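# Chains, contacts and geometry: an overview
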Amino acid sequence: MSSHDAATEAAAASDKRRWIALAIVMTAAFMDLVDATIVNIAIPSIEKDLGASFGAIQWITAGYALAFAAGLITGGRLGDIYGRKRLFLLGTAGFTLASALCGFAANQEMLVGSRLLQGAAAAMMVPQVLSIIHVTFPAHERGKVFGMFGAIIGLGAVSGPLLGALLTQWNIAGLEWRPIFLINLPVGVAALILGRKFITESKAPKALKLDMVGVLLVTTALLMLVYPLTRGRELDWPLWGHLMMAGSLLVFAALVAYEKYKTKKDGSPLVELSLFKVKSFAAGIAVQLTFGVVLGIFFLVWTLYMQIGLGWTPLHAGLTGVPFSIAVSVAAGMSVQKLVPRFGRKVLQAGALTMIAGILLYLFEAGRYGTGIHSWQMIAPLVIMGLGMGLIVAPLTDAVLSDVPKEHAGSASGLINTTGQMGNALGLGLVSVVFFGTIDDEKLAKAPAEVGAAFTDAFQNSLGWAAGVLAVIFLVMFALPAKPKQHLEGGGDDEVVADETVTVEKESVLAH
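Treat the numbers as computed from the prediction; the structure is a model and nothing was measured. (Residues numbered from 1 in each chain as written. Predicted model: local features only at pLDDT ≥ 70, side-chain atom pairs only at ≥ 80, totals over all residues. Heavy atoms only, no water.)

## Observations concerning the packing of helix H14 (residues 345–369) against helix H18 (residues 451–476)
Where H14 contacts H18, the axes come no closer than 9 Å and their chain directions differ by 165°. In terms of their interaxial angle, H14 and H18 are classed as roughly antiparallel. Crossing geometry of H14 relative to H18 is assigned as left-handed. Where H14 approaches H18, its residues Gln-349, Ala-352, Leu-353, Met-355, Ile-356, Ile-359, Leu-360, Tyr-362, Leu-363, Ala-366 and Gly-367 are matched on the opposing element by Thr-456, Phe-459, Gln-460, Leu-463, Gly-464, Ala-466, Ala-467, Leu-470, Ala-471 and Phe-474. Taken together, the residues of the contact of H14 with H18 break down into 16 nonpolar, five polar and no charged. (Axes fitted to C-alpha atoms, helices over the stretch in contact; angles between N-to-C directions. Helix = DSSP H or I, 4+ residues; strand = E, 2+ residues; numbered from the N terminus. Parallel < 35°, antiparallel > 145°, perpendicular 65-115°, else oblique. Left-handed = near helix turned anticlockwise from the far one by under 90°. Contact = heavy atoms within 4.5 Å. Nonpolar A, V, L, I, M, F, W, Y, C, P; charged D, E, K, R; others polar.)

Here's what the structure looks like:
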């Protein structure tokens with residue numbers, strides 16, 4: 001450790017305000033995490049109140065994920081260049097403003113636009129959280145701090161759907177679903193006022209340059225792929241939609257070519273292409289992308305199935321999901337601490353197979369009990385699925401980063417975060433095909449009593465697709481290292497890798 005680093009550590013240890021700064025950034029991270037999970041449970045209420053089309057419903061969720069994915073790497077770079085405190089406050093202000101716009105949205109178009117703004121603001125705010133913790137706390141305290149951070153993540157994952165259900169069910173002041181966004185306003189304002197006073201500014205000593213062309217290309221390619229998927233069914237799959245999706249492949253090819261040029265020119269590409277020469281990293285990115293697709297599909301169709309198909313209240317649906325959230329948290333903790341060090345890659349593969357078993361059981365029960373199914377009958381498949389998901393999400397990061405050169409840990413973790421969000425957005429887009437594609441709108445308009453049966457069939461079809469994708473993920477996992485290296489907090493480069501690992505695990509939860 002250099003004398004400068006030692007002085008920084010000593011200053012951090014003596015600054016009593018660091019615990020207030022920690023509470024501020026953790027609160028902002030909690031606000032973002034809850035917002036990522038709170039919306040799904042309120043989707044049917046939004047659809048009913050605003051008369052939103054199914055395409056708009058997908059964009060309310062996919063738009064956030066898309067804007068978040070497109071801005072994550074850029075947000076991290078901006079913090080390194082212009083200051084993490086500055087970008088954190090700017091992102092928090094944008095997130096709070098966007099939450100207000102969402103809460104007061106007069107129509108579906110305004111809500112979709114506000115959600116895009118909210119995702120972009122979160123992409124500025126979230127990457128600064130771990131960076132601020134890193135520069136605020138000395139190395140010997142970071143283990144305890146990251147443990148607290150993990151507890152906040154677990155609490156957010158469990159409380160998000162429940163909080164959304166309660167706020168929607170209570171219908172505060174006749175606002176129906178709107179409080180799920182408006183609740184961010186006092187929290188965001190408090191974070192801004194206290195953050196200005198207690199967070200210490202920091203910048204990276206050698207910040208890379210921004211690759212705005214790369215950001216533009218990857219965003220364009222994603223939009224060209226996701227937009228036709230979400231609108232295609234409503235517009236009867238027009239020719240331009242197929243041409244746009246095909247064209248997205250050309251834009252992705254242009255991105256690869258430009259990133260090669262950017263690497264040779266100044267060594268600061270958006271995507272470090274040399275990482276894909278590492279077999280375990282390339283396989284891990286494929287797993288992250290396809291796993292994001294599975295989660296993007298499942299959580300939206302699950303909500304629609306319970307609330308529209310079965311006619312359950314938001315609170316009923318939210319409480320039904322509690323065993324799933326608990327199972328994920330329990331399995332995630334066990335997998336990292338006890339199972340992966342002993343069994344390695346097999347734990348992740350067991351997770352994929354366990355999730356498939358839970359999905360198949362859920363598919364069977366949905367078909368057997370139809371619209372008469374009860375919450376208690378869903379507990380077994382949800383717990384099995386949750387255990388499987390927990391075995392994958394926590395150790396996947398170490399598996400992907402295991403063979404990556406330490407000097408590229410930052411680029412690799414940023415790419416993993418972004419890929420997970422991209423997969424989520426793509427999965428939400430595919431809901432048009434695997435869920436709504438099986439529903440005959442004209443038939444339902446003539447026979448509203450058939451809604452439950454139609455949504456149950458569509459849910460089963462979606463589960464079948466999810467199981468199929470998980471089977472592919474299981475096979476791709478054979479390319480992951482048999483025993484991923486455990487990146488522990490130490491010093492030097494290892495410290496960087498440890499911090500990046502925590503960042504990615506946090507983002508993995510956010511994607512879900």
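## A few points about the pattern of salt bridges
Opposite charge on two side chains permits pairing when their charged atoms draw close. Scanning the entire structure with this criterion turns up four salt bridges. Close ionic contact of Arg-178 with Asp-49 constitutes a salt bridge, the shortest N to O distance being 3.7 Å. Of the two residues, Arg-178 is situated in the loop between helix H6 (139–170) and helix H7 (179–182) and Asp-49 in helix H2 (residues 18–50); the sequence distance between them amounts to 129 residues. Its relative accessible area of 16% is what places Arg-178 among the buried residues. In this structure, Asp-266 engages Lys-262 in a salt bridge whose closest nitrogen and oxygen atoms are separated by 3.0 Å. You can see Asp-266 and its partner Lys-262 sitting in helix H10 (residues 239–266), four residues apart, about one turn around the helix. (Salt bridge = Lys/Arg side-chain N within 4 Å of Asp/Glu carboxyl O. Buried < 20%, exposed > 50% of the residue type's maximum accessible area, 1.4 Å probe, protein only.)

## Side note on unusual backbone geometry
Even without glycine at this site, Asn-171 takes up a positive phi of about 55°. Considering the arrangement of structural elements, one finds Asn-171 in the loop between H6 and H7. Owing to a relative accessible area of 34%, Asn-171 belongs among the partly exposed residues under this scheme. Its identity is not glycine, yet Ala-173 carries a phi of approximately 55°, on the positive side. By the element assignment, Ala-173 lies in the loop between H6 and H7. In this structure Ala-173 comes out as exposed when scored by relative accessible area, which is 74%.

## Points about the confidence of the model for the protein
With 87% of its residues at a pLDDT of at least 70, the protein reaches an overall mean of 83. Below a pLDDT of 50 lies the segment residues 486–512, which in the model reaches 73 contacts outside its immediate sequence neighbourhood of four places, other chains included. (pLDDT = per-residue confidence, 0-100.)

## Some points on the packing of helix H13 (residues 322–343) against H14
It is at 6 Å that the axes of H13 and H14 come closest, and there the two elements cross at 115°. Our classification of the angle between H13 and H14 gives roughly perpendicular. Between H13 and H14, the contacting residues are Ser-335, Leu-339, Val-340 and Phe-343 on the first element and Arg-345, Lys-346 and Val-347 on the second. Its residues assigned to classes, the contact of H13 with H14 shows four nonpolar, one polar and two charged.

## Some remarks on the environment of Phe-95
Tracing the backbone shows Phe-95 in helix H4 (residues 84–103). Residues in contact with Phe-95, not counting those within four places in the same chain, are Met-31, Asp-32, Asp-35, Tyr-64, Gln-118, Ala-121, Ala-122, Met-125 and Asn-184.

## A few points about the packing of aromatic side chains
Enumeration over the complete set of coordinates arrives at 19 aromatic pairs. Linked through ring pairs, Phe-54, Phe-435, Phe-436 and Phe-455 together constitute an aromatic cluster. (Phe/Tyr/Trp six-rings, centres within 6.5 Å; stacked < 30°, edge-to-face > 60°.)

## A word on the side chain of Ser-202
Turning to its location among the elements, Ser-202 is positioned in the loop between helix H8 (184–198) and helix H9 (212–231). Those residues in contact with Ser-202 that sit more than four places away from it in its chain are Gly-79, Gly-83, Arg-84 and Val-135.

## Things to note about the nonpolar core
Counting 109 residues, the largest nonpolar core has Phe-281, Tyr-305, Tyr-362, Phe-435 and Phe-459 as its most contacted members. For this core, the leading source of residues is helix H11 (residues 279–309), giving 17 residues. With residues up to four places along the chain from it excluded, the contact list for Phe-459 reads Phe-298, Val-301, Trp-302, Tyr-305, Tyr-362, Ala-366 and Phe-435. Listed in part, the 29 residues of the second largest apolar core include Ala-29, Leu-89, Ala-123 and Val-145. (Core = buried A, V, L, I, M, F, W, Y, C linked by side-chain atoms within 4.5 Å.)

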